[in-house]
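These are the residues of each chain, in order.
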Amino acid sequence: LANKGLTTVTVTGNVTSTQIYANTQVKPYTAQWSSYTGVTINVKRTSSPNVGASTGILSSGATVYYGDVLSVTYSANTGYTLSSKGSTSITVTGNITSSHIYATAGANTYTVTYNANGGSGTTASSYHTYGVSKALTSNGFSRANYTFLGWSTSSSATTPTYTNGQVVTNLT
């Protein structure tokens, strides 16, 4: 060889070949989401390329790894109806945020109708929203030789469940 700044190395003795490997780790990320009124969100890691990562339910703020597969379920709580939701299956390629995992739910509304139960007159229906306290409509019925005691959910009740104009929540 022409001398171009190269050094010649001479190896003597037994020469063997050694192979070395790159030592790598699957990149960790965070899965973070918010809680929402009227909704339950469950996030489950179903598989992971990281040998040390266990499958199962995750909490918000959990460490996830590149390539993890997450299954997300959204369910409306009693008295609510799910109106929108995020992804149901996520393969992790970065941090998971509330832009991936989210849900909104609206409180159900219901109508209370009033029955004269043998009386006459009118009592206007009342309209209620789940989780919101509101008074029942005051009695507008009358029945000769009877005294109004209150409202019941059964026509044969002998004692009232609710008083006249009582504030109630979640009658459904």
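Rules of the game
Residues numbered from 1 in each chain as written. Predicted model: local features only at pLDDT ≥ 70, side-chain atom pairs only at ≥ 80, totals over all residues. Heavy atoms only, no water. Phe/Tyr/Trp six-rings, centres within 6.5 Å; stacked < 30°, edge-to-face > 60°. Helix = DSSP H or I, 4+ residues; strand = E, 2+ residues; numbered from the N terminus. Buried < 20%, exposed > 50% of the residue type's maximum accessible area, 1.4 Å probe, protein only. Lys NZ or Arg CZ within 6 Å of the ring centre and 35° of its normal. 1 Å grid on protein atoms, 1.4 Å probe; cavity = no way out; pocket = protein on both sides within 12 Å on 5 of 7 lines; lining within 4 Å. Points joined across faces, edges and corners; volume = space filled by probe spheres on them. Nonpolar A, V, L, I, M, F, W, Y, C, P; charged D, E, K, R; others polar. Pairing = 2+ DSSP bridges. Axes fitted to C-alpha atoms, helices over the stretch in contact; angles between N-to-C directions.

Peer 1: Sorry if this is basic, but what is going on with the packing of aromatic side chains here?
Peer 2: Centre-to-centre distance and the angle between the planes together describe a pair of aromatic rings. Tallied over the full model, the rule gives four aromatic pairs. Between Tyr-114 and Trp-151 the ring centres are 4.7 Å apart and the planes differ by 55 degrees, which places this aromatic pair in the tilted class. Here Trp-151 lies in the loop between β13 (141-142) and β14 (167-168) and Tyr-114 lies in the loop between β9 (109-112) and β10 (120-121), a separation of 37 residues in the sequence. Grouping residues by exposure puts Tyr-114 and Trp-151 together as buried. Where Phe-148 meets Trp-151, the ring centres are 5.0 Å apart and the plane angle is 70 degrees; that geometry is what we call edge-to-face. Owing to a relative accessible area of 9%, Trp-151 belongs among the buried residues under this scheme. A cation over a ring is seen here: Arg-143 above Tyr-146, with NZ or CZ 3.9 Å from the ring centre.

Peer 1: Would you take a moment to explain the layout of surface pockets for this structure?
Peer 2: Over the atoms, a rolling probe the size of a water molecule traces out where space has been left empty. Here the largest pocket defines a volume of roughly 840 Å³. As for the largest pocket, its lining consists of 31 residues, of which Asn-115, Asn-117, Gly-150, Trp-151 and Ser-152 are closest to the centre. Among the elements of the structure, β9 and β13 are those that each provide at least two residues to the lining of the largest pocket. Here the element with the most residues in the lining of the largest pocket is β9; it accounts for three residues. For the lining of the largest pocket, the per-class residue count stands at 14 nonpolar, 16 polar and one charged.

Peer 1: For this particular structure, what's the right way to read the sheet that holds strand β2 (residues 39-47)?
Peer 2: Taken in spatial order, the four strands of this open sheet run β3-β2-β5-β7, and their pairing is antiparallel. Each of the sheet's edge strands pairs with one partner strand only, and the pair in question is β3 (56-58) and β7 (89-91). Between one strand axis and the next, the sheet turns through 30 degrees on average, direction left out of account. When β2 meets strand β5 (residues 69-76), the two strands line up antiparallel, connected through eight bridges. Within β5, the position partnered with Lys-44 by the bridge is Ser-71.

Shape is all these values report; function is a separate question.
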